[in-house]
Amino acid sequence: MDTGSARLFPVLGLVTVGAVWGTTMPLTKIAVSAGHAPLGLIFWQFVIGAIVLSIVTYLRGRPLSRKPVHLGLYAMIALLGTILPNTASYTAAEHLPAGIMSVVVALVPILAFPVAIMLGNDRFSGLRFLGLLMGFGAIFLIALPETSLPDRAMVAWLPLALVAPFFYAIEGNVVAKFGTFGLDPVQVLAGASILGAVVVFPLTLGTGSFVDPRPSWTIAEWAILGIGVAHAVAYSGYVWLVGRAGAVFAAQVSYLVTAFGIFWSWLILAEIQSPWVWAAVCVMFVGLTLVQPRHPRPMTEAAG
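Rules and cut-offs
Residues numbered from 1 in each chain as written. Predicted model: local features only at pLDDT ≥ 70, side-chain atom pairs only at ≥ 80, totals over all residues. Heavy atoms only, no water. Salt bridge = Lys/Arg side-chain N within 4 Å of Asp/Glu carboxyl O. Buried < 20%, exposed > 50% of the residue type's maximum accessible area, 1.4 Å probe, protein only. Phe/Tyr/Trp six-rings, centres within 6.5 Å; stacked < 30°, edge-to-face > 60°. Helix = DSSP H or I, 4+ residues; strand = E, 2+ residues; numbered from the N terminus. Axes fitted to C-alpha atoms, helices over the stretch in contact; angles between N-to-C directions. Parallel < 35°, antiparallel > 145°, perpendicular 65-115°, else oblique. Left-handed = near helix turned anticlockwise from the far one by under 90°. Contact = heavy atoms within 4.5 Å. Nonpolar A, V, L, I, M, F, W, Y, C, P; charged D, E, K, R; others polar. Expected span 1.5 Å × (residues − 1).

S.K.: Would you mind going over the pattern of salt bridges with me for this structure?
M.R.: Opposite charge on two side chains lets them pair, provided their charged atoms get close. Evaluated as defined, the whole model comprises 5 salt bridges. As a salt-bridge pair, Arg152 and Glu146 come within 3.8 Å of each other at their nearest N and O atoms. Taking the relative accessible area as the measure of exposure, Glu146 reaches 59% and is therefore exposed. Three or more residues joined by partner-sharing salt bridges are found here, namely Arg60, Arg62 and Asp184.

As structure tokens, this is what we get:
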């Protein structure tokens, strides 16, 4: 492979991962707008992820481990990376535009900074603290102006939307601190998806949240399928990207997920963002740039 191709492939991979991951924002909006409860969506996200990622692990010749320490890791990833954050984000997505959810999810690396300090994973940095402030400044640009959102009542749901990036930040830092006990990220996410599906299934039945796939499919059911496949494919692609181009290069996917999330929300849902939201995007991107560590760890957010 020549030098030009070697440089081009990682760039194409980065754009592809960002574009695929960005589709989950409008697809989530479609699914929750049909009245599907969060636990029902989470169950099928687990199932689809388990199928796709189990195939990937098989093709890579890296079978899943059932050791107690790994089962505990799967449980932690399923809880902090999907069940808790997605319950909050799916609920918030019912009331907030998909484009706004795309902006909020960019807080993950920004919130990871204070969590890293609390867990002893990192040291304070004035420049990165400024990035943290700019991240919250972006949220204020969405929440405070009268004309930033289509309906002022939506502001009440912004705090709930912040729950998901907070849990993703905790999850990433916990894995960074304690490691994955010899497993690679795809193995971890595959195991978490299988265990998560087993745990969540009875909860969906007990709460009446189960989404029955047998009747005629509507756009909402196709959206659920798309969410599961997109998460699994994008995360697998991200892991490939880290191995091919390094964590510093791959960390730039945060910008693209937000940008593509807004783009797909416009294309699929015809969402038009206010100038305040675009200002928030600019401020958020500056915050992301400032908060990035000089030698960032590979992304450990497994199931978000």
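S.K.: Explain the packing of aromatic side chains here, please?
M.R.: Two numbers describe a pair of aromatic rings. These are the distance of the centres and the angle of the planes. Summed over the entire model, instances satisfying the criterion amount to 15 aromatic pairs. Between Trp44 and Phe210 the ring centres are 6.0 Å apart and the planes differ by 45 degrees, which places this aromatic pair in the tilted class. Placement of Trp44 in helix 3 (residues 38–59) and of Phe210 in the loop between helix 10 (185–206) and helix 11 (219–245) is noted, with a sequence separation of 166 residues between them. Taking the relative accessible area as the measure of exposure, Trp44 reaches 19% and is therefore buried. A residue is classified by how much of its surface remains accessible, and Phe210, at 30% relative accessible area, is partly exposed. Judged by centre distance (4.8 Å) and plane angle (70 degrees), the ring pair of Trp217 and Trp222 falls under edge-to-face. Judged by its relative accessible area of 53%, Trp222 is exposed. Aromatic ring contacts, followed pair by pair, group Phe43, Trp44, Phe201 and Phe210 into a single cluster.

S.K.: What is the right way to read the packing of helix 10 against helix 11 from this model?
M.R.: If you want to describe how two helices pack, look at the angle between their axes and the distance between the axes. At their nearest, the axes of helix 10 and helix 11 sit 10 Å apart, and the two run at 160 degrees to each other. Considering the angle they form, helix 10 stands roughly antiparallel to helix 11. Crossing hand, helix 10 versus helix 11: right-handed. Seen from helix 10, the contacting residues are Pro185, Val186 and Leu189; seen from helix 11, they are Tyr235, Ser236 and Val239. Residue composition of the contact of helix 10 with helix 11, grouped by class: 5 nonpolar, 1 polar and no charged.

S.K.: Please explain helix 3 as it appears in this structure.
M.R.: Each α-helix turn comprises 3.6 residues. Residues three or four places apart therefore point the same way. Compared with the 32 Å implied by 1.5 Å per residue over 22 residues, the 31 Å span of helix 3 between its first and last C-alpha is a close match. Just downstream of helix 3, Gly61 is the residue with a positive phi angle, here 70 degrees.

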